[in-house]
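What the coordinates show
Chain residues, written in single-letter form:
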Amino acid sequence: MTLLSRIQALSQDQVVAAIYETMIRPEQFDRFTAAPQDRAGEAAVQEGWGQRDRLQAAPVFQAHFSRAADIQEQQWVRAGRPHPGGYSGDCSRFWLLAEAAPGGSVLNASQRAARQLTGGTGLPAAMGLTAAAAERWQCYLAQAGAGDFSWSDVLLLGACAGGEQYLCRPVPMKGGGGAHVAVMAERLEGAWNGEAAGPVAAALGLQEQDFEPLKEAMNGAGGKVDRSLQQIAWRTGVPGIAELVRLTSFLMNEHSRDLAIARGDRLPASETFEDGSGQCSQFFRLGAETGQPVIFVHGMLDGIAPLQRLQPQLRTLGFRVYAPMRRGYGSSSALQRGQDPADAFVWQLEALMARENLQRPVLLSHRGGALYGRVAASRLQSKIAGLVSVASNCAISSPRQFSGLSGYAWLVALGAARANWMLPALMRGWAAALHWYGHKTLLQMQTRRGSRERAMLHQLELLPLLQQSQMLFRQQGGAGFLADVQMLRQGGQDAALARSARVVFVHGAEDRVAPLETIRDAAGSAPDARLCVSQEAGALLFYMFPELVLTALQDLAGTADPWS
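Rules and cut-offs
Residues numbered from 1 in each chain as written. Predicted model: local features only at pLDDT ≥ 70, side-chain atom pairs only at ≥ 80, totals over all residues. Heavy atoms only, no water. Helix = DSSP H or I, 4+ residues; strand = E, 2+ residues; numbered from the N terminus. Buried < 20%, exposed > 50% of the residue type's maximum accessible area, 1.4 Å probe, protein only. Contact = heavy atoms within 4.5 Å. Areas by Shrake-Rupley, 256 points an atom, 1.4 Å probe, with all protein chains shown as cover. Core = buried A, V, L, I, M, F, W, Y, C linked by side-chain atoms within 4.5 Å. Salt bridge = Lys/Arg side-chain N within 4 Å of Asp/Glu carboxyl O. Axes fitted to C-alpha atoms, helices over the stretch in contact; angles between N-to-C directions. Left-handed = near helix turned anticlockwise from the far one by under 90°. Nonpolar A, V, L, I, M, F, W, Y, C, P; charged D, E, K, R; others polar. Pairing = 2+ DSSP bridges. Phe/Tyr/Trp six-rings, centres within 6.5 Å; stacked < 30°, edge-to-face > 60°. Expected span 1.5 Å × (residues − 1).

1. Some words on the overall build of the protein
Of the regular secondary structure elements, the protein holds 25 helices and 14 strands. Every one of the 564 residues in the protein was classed for burial, and the buried ones make up 56%. The contacts of the protein with a sequence gap of at least 6 include a subset with a gap of at least 24, amounting to 71%. With an accessible surface of roughly 23,700 Å², the protein has 49% of that area assigned to carbon and sulfur atoms.

2. Details of the nonpolar core
In this structure, Leu364 and Val388 are the most contacted members of the largest nonpolar core, which totals 77 residues. Element by element, the count of residues in this core is highest for helix 15 (residues 341–356), at seven residues. When neighbours within four sequence positions are excluded, Val388 is seen to be in contact with Val362, Leu363, Leu364, Ser365, Val504, Val506, Ala552, Leu553 and Leu556. Among the nonpolar cores identified, the runner-up in size contains 39 residues, and Leu167, Ala197, Val200 and Val245 belong to it.

3. As for the pattern of salt bridges
In the structure shown here, the tally under the stated rule is 26 salt bridges. The salt bridge partner of Arg326 is Asp484, with a shortest N-O separation of 2.8 Å. Taken together, the residues span a long stretch of sequence, with Arg326 in the loop between strand 10 (319–324) and helix 15 and Asp484 in helix 22 (residues 479–490) at a distance of 158 residues. The exposure class of Arg326 is buried, given its relative accessible area of 2%. Asp511 serves as the salt-bridge partner of Arg367, at 2.7 Å between the closest nitrogen and oxygen. Pair noted here: Arg367 is in the loop between strand 11 (362–366) and helix 16 (370–380) and Asp511 is in the loop between strand 13 (503–508) and helix 23 (516–524), with a separation of 144 residues, a long-range link. Each member of the pair Arg367 and Asp511 is classed as buried. Because the salt bridges share partners, they merge into one network encompassing Asp30, Arg169, Glu186 and Arg246.

4. Topic: the packing of helix 16 against helix 22
Closest axis-to-axis distance for the helix 16/helix 22 pair is 10 Å, and the angle between their directions is 65°. Where helix 16 crosses over helix 22, the handedness of that crossing is left-handed. Residues Leu371, Tyr372 and Val375 of helix 16 lie in contact with helix 22, whose contacting residues are Ala483, Asp484, Met487 and Leu488. The residue makeup of the contact of helix 16 with helix 22, split by class, is six nonpolar, no polar and one charged.

5. Quick look at the pairing of strand 1 (residues 95–99)
In terms of residue burial, strand 1 counts as a mostly covered element, since four of its five residues are buried. Of the pairings in the sheet, the one linking strand 1 to strand 5 (residues 181–189) comprises five bridges and is antiparallel in character. Looking at the pairing, Ala98 lines up with Val183 of strand 5.

6. A word on the packing of aromatic side chains
A complete count under the given rule lists twelve aromatic pairs for this structure. Pairing Tyr87 with Trp95 gives two aromatic rings, centres 6.5 Å apart and planes at 65°, and the pair type is edge-to-face. Judged by centre distance (5.9 Å) and plane angle (45°), the rings of Phe283 and Tyr322 are tilted. Here Tyr322 lies in strand 10 and Phe283 lies in strand 8 (residues 280–287), a separation of 39 residues in the sequence.

7. A few points about the pairing of strand 5
Most of strand 5 is tucked away, with eight of its nine residues classed as buried. Pairing of strand 4 (residues 164–172) with strand 5, which is carried by nine bridges, proceeds in the antiparallel orientation. Looking across to strand 5, one finds that Glu164 is bridged to Glu189.

8. Overview of helix 12 (residues 241–263)
Structurally, the α-helix is built with 3.6 residues per turn, so residues lying three or four positions apart point the same way. Here helix 12 spans 33 Å end to end across 23 residues, near enough to the 33 Å set by a 1.5 Å rise per residue. In the stretch just after helix 12, Gly264 is the one whose phi turns positive, near 90°.

9. Quick notes on the sheet that holds strand 3 (residues 155–158)
Pairing within the open sheet is antiparallel, and its six strands lie in the order 2-1-5-4-3-6. Edge strands, defined here as strands with exactly one partner in the open sheet, are strand 2 (106–109) and strand 6 (222–224). Within the sheet, the average angular offset between the axes of one strand and its neighbour, ignoring direction, is 20°.

10. A short note on the sheet that holds strand 9 (residues 292–297)
The sheet built from eight strands is open, its strands ordered 7-8-10-9-11-12-13-14 with mixed pairing. For this open sheet the edge positions go to strand 7 (270–274) and strand 14 (529–534), each flanked by a neighbour on one side alone. Each adjacent strand pair in this sheet contributes to an overall mean axis angle of 25°, direction not counted. In the sheet, strand 12 (residues 386–390) pairs with strand 13 via four bridges, with the strands oriented parallel. Across the sheet, residue Ser389 finds its bridge partner in strand 13, namely Phe505. Of the strands in this sheet, strand 13 and strand 14 are in contact with helix 23, which crosses strand 14 at around 160°.

Here is the structure:
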C-alpha cells in the first residue's frame, strides 16, 4: 500500500485535536454544576452493554476526553464557577440558553448570537430554523417546562441556511431535585455528508452503518437522536451522545471542507499582511491547524494547484502549510521598479515567519519557485529545517531549454529569454489562449506527445484547481510572472546552498524543460543534498507522484525515517 493510499483516512491526531476543540467550551460548563440526574435510562442502557463491549472502548480517545474535561473544569473554576445563566459569551460560536416554556425567552447568549437576536423577531426566526424545526423547538420547550424530558435528551434541528443545524439539550439551572431547567441550543457548522461519513466512522473505529441513528436525526428537519447512539458513544470512548454529535459533526465538516478545497470547489483560507518593506502580501493556509510548519514556494503558471489537491493528506500527516503569493500574484503588491525579486521574497518570508511564529519551517518549492527556494534557504540557513525542491526549473540562459515546450508556451518562454519587451503583450494574449485551448494546456504543454505522463494527465480532474490558480496569476495582469522572469534572467547569484543545508531534490527523469543533468549538478553543489529521481515522471511529477513529495517532507520534518 502506498503512502498516499494509507493517508486517505483521518488520522488519530485529527480526532484528538477535534476532541479538545469540541469539549473545551464555556457553554458546556453545566457538566460541573450539581444537578438532578436521570440515571434510570442510563442504567438500562448500561445493563444491556456487556463487559466485553466495555473492554473494547477506545482507551486513547477516552483518555483525551477525560483530559479535556479536566482542562474545562479548571477554566470553569478560574471563571468563578458560573451558573449557566452567567457563562461568558465572548466567543465566535453561536449559542443561546432559552427558558423552558412555550415561546421561551433568552436567558444567556454568546456575543454572536446576541447580535443576531436583535430586532424583535422570535427565536425560531432569529435562529434561522426551518418551519418544521421551529415547530419541534417550540414543542420541546413546552415539554421541558412541563418536566416531560430526560437529561440525556439530544435534539437536532435543521436550519434554513445550508450546512447548519442546532444541537439542543436540557440544562439544569439549580441543584437539588427541583425541575429548574433551560434549553441550550448550539449551532453546529456542517450537515450530514455521505462522502465524509465513511472516513469519520473509520477514524472512530466504527462502521458507517453505526451512524444511521445520527444520519436520520441530521437529515431534514431533525429530531431527537435515538438513545441507541449512547452505546456507539461508549464504544468509541466518548462520554455521551451530545459529545459524539459535536465530534462527528466537527470532523465531518472539516473533512468535507478539505475535499472541497482539494477538488477546487473552494480556495483555502487566505490572509494578508505587510512585509518588511511595508508592501501587502497574501498567503493561503493549507493542511492542519497545528504541526510541522511548511512554506510552499509556488511555481509560475499553476500556483498552489499541485499542493491544494493534497489538502486532506496534508492535514492527516500534520503539516501546517503556508503558501505566500509572490509579488504580483493574487493580492500581493507588484514588484516596485528597480527592486530585486529575491530581496522582496526573502522579506516576505521573514515577515510571514515572524507573524505566525514559525519555528524552523520546511521550504517546499515547485518548478519556477525553485530558484526563490534556494535563495531563501541560502539566506535563512538555520532558521529553516530544510528545502524540498520539486521538479525544479532552472535559470533562463538559452532558447534550447524550451525545446520541450510547444505552442504559445514556447513563444512566451522565448520572449522571456531573448525579447523581454514582448512579454507584456504576450501576457495580454495569455488569457485568450487559455480560454481557447483550456486550462489543462498549462500542464500538457510541458509533456511529450504520446508520453505516459500526458496520458495520465487526461485522467486527473484538475480543471477547477487550474482555473483558480490562473485567476490568481491574472489578477494583476501577469505582474508576478514578469517579476519571476526577471528573477530567472538574473539567475541565483546568492543561491549557493550552505554546506550544512538539508535539501531534497525530487525530479522526474523525463523532464524535458529542466533536464535531470542540470538538477544533478545543483544537488552536487550541496554536500548534504539528496536527489530522488522518478524514472517514470517528467515535469508533472507533483501531480503524478505526490507521495514522493510527501515522503520527502516527512523525511526533512523528522516524521519518517531519520536523516542519515
